[in-house]
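Descriptive analysis of the structure
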Amino acid sequence: MPALREIFAEYDVVFDRQRNLQRGNRMVSRLGSALRRMRGPIVSATGALTAMGAVAGGAAVAGIQQIVSSTIESTREIDRWANRLSVSSSALRSWVELGREYGASVDDVTDALKELQLKAQDALSGGESQAEMFERIGISLNDLRPIVNDADALMGLFTRRLNENVESGMQAFTVDELMSDAGHRMLPIFRLGTREIQR
């Protein structure tokens, strides 16, 4: 196989090695000068980008920490309320998640459950007006007795009877009567009916 030099010679291509080396040195020298001139702006830009990255990274970490802390605190709050209301944490969490979908806060959900449970306890303790409130929606004292300490079952029964026995125009009044303002904010959920809620 002929050498590259011989092929070039055949086509009268002449290379001046010395001149090519000098030309290459000049190009390298110019490139070096250009890079030195750019070094300052590059370092500044790199520093700025590094600083921005650190700030963004710090903000992202802070945001994640805040979400985690908030989630942990929310879980603790739900657990605390679950113990107070004698309901499982998972059942209460389901109500809370459903509440959030419809604009009700954790406090709205827990206050509504608490109010309903207190009214049921008052009705069973001889409170005539509370007993009448439940009777109006088709819940008797016999219905209340086995579930008075199970807020989830109580809320399920209330939701079912509210939709079965109370006209839509009167539902807001009934909910306010048994659960106060917190219940009113839960009204869109109650109107879903137990079948939809259980999905």
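Residues numbered from 1 in each chain as written. Predicted model: local features only at pLDDT ≥ 70, side-chain atom pairs only at ≥ 80, totals over all residues. Heavy atoms only, no water.

Pairs may arise between side chains of opposite charge once their charged atoms sit close together. Using the criterion set out here, one finds 7 salt bridges in the structure. Notably, a salt bridge pairs Arg93 with Asp79, separated by 3.6 Å at the nearest N-O pair. Within this pair, whereas Arg93 is found in helix H3 (residues 89–101), its partner Asp79 is found in helix H2 (residues 17–85), the two being separated by 14 residues in sequence. Of the residues examined, Asp79 reaches a relative accessible area of 29% and is grouped as partly exposed. (Salt bridge = Lys/Arg side-chain N within 4 Å of Asp/Glu carboxyl O. Helix = DSSP H or I, 4+ residues; strand = E, 2+ residues; numbered from the N terminus. Buried < 20%, exposed > 50% of the residue type's maximum accessible area, 1.4 Å probe, protein only.)

Below, the discussion takes up the side chain of Gln171. Here Gln171 is to be found in helix H8 (residues 168–190). Its relative accessible area of 4% is what places Gln171 among the buried residues. There is a polar contact of 3.3 Å between the side chain of Gln171 and the backbone oxygen of Leu162. Looking at Gln171, its side chain comes within polar contact range of the side chain of Arg191, at 2.9 Å. Ignoring anything within four residues of it in the chain, the contact list for Gln171 reads Leu162, Asn163, Val166, Leu187 and Arg191. (Polar contact = N/O pair within 3.5 Å; in protein donor to acceptor, adjacent residues only side chain to side chain. Contact = heavy atoms within 4.5 Å.)

We now examine unusual backbone geometry. Despite not being glycine, Ser180 shows a phi value in the positive range, around 65°. Relative to the assigned elements, Ser180 resides in helix H8.

Summing up the model confidence of the chain, the mean pLDDT is 76 and the portion of residues at 70 or higher is 60%. Mean pLDDT per element in the chain: helix H1 (residues 4–10) is the minimum at 54, and helix H6 (residues 141–144) is the maximum at 96. Low pLDDT, under 50, characterises residues 66–73; the predicted model gives this stretch 1 contact beyond four residues in sequence or across chains. (pLDDT = per-residue confidence, 0-100.)

Take the environment of Arg136 next. Inspection of the secondary structure puts Arg136 in helix H5 (residues 128–136). C-alpha of Arg136 to C-alpha of Val166: the two residues are 30 residues apart in sequence and 8.3 Å apart in space.

Contact geometry for helix H7 (residues 151–165) and H8: axes closest at 12 Å, N-to-C directions at 90°. The angle between H7 and H8 falls in the class roughly perpendicular. For the pair formed by H7 and H8, the contact residues are Met155, Phe158, Thr159, Leu162 and Asn163 on the first element and Gln171, Thr174, Val175, Leu178, Met179, Met186, Leu187 and Phe190 on the second. Considered class by class, the residues forming the contact of H7 with H8 number 9 nonpolar, 4 polar and no charged. (Axes fitted to C-alpha atoms, helices over the stretch in contact; angles between N-to-C directions. Parallel < 35°, antiparallel > 145°, perpendicular 65-115°, else oblique. Nonpolar A, V, L, I, M, F, W, Y, C, P; charged D, E, K, R; others polar.)

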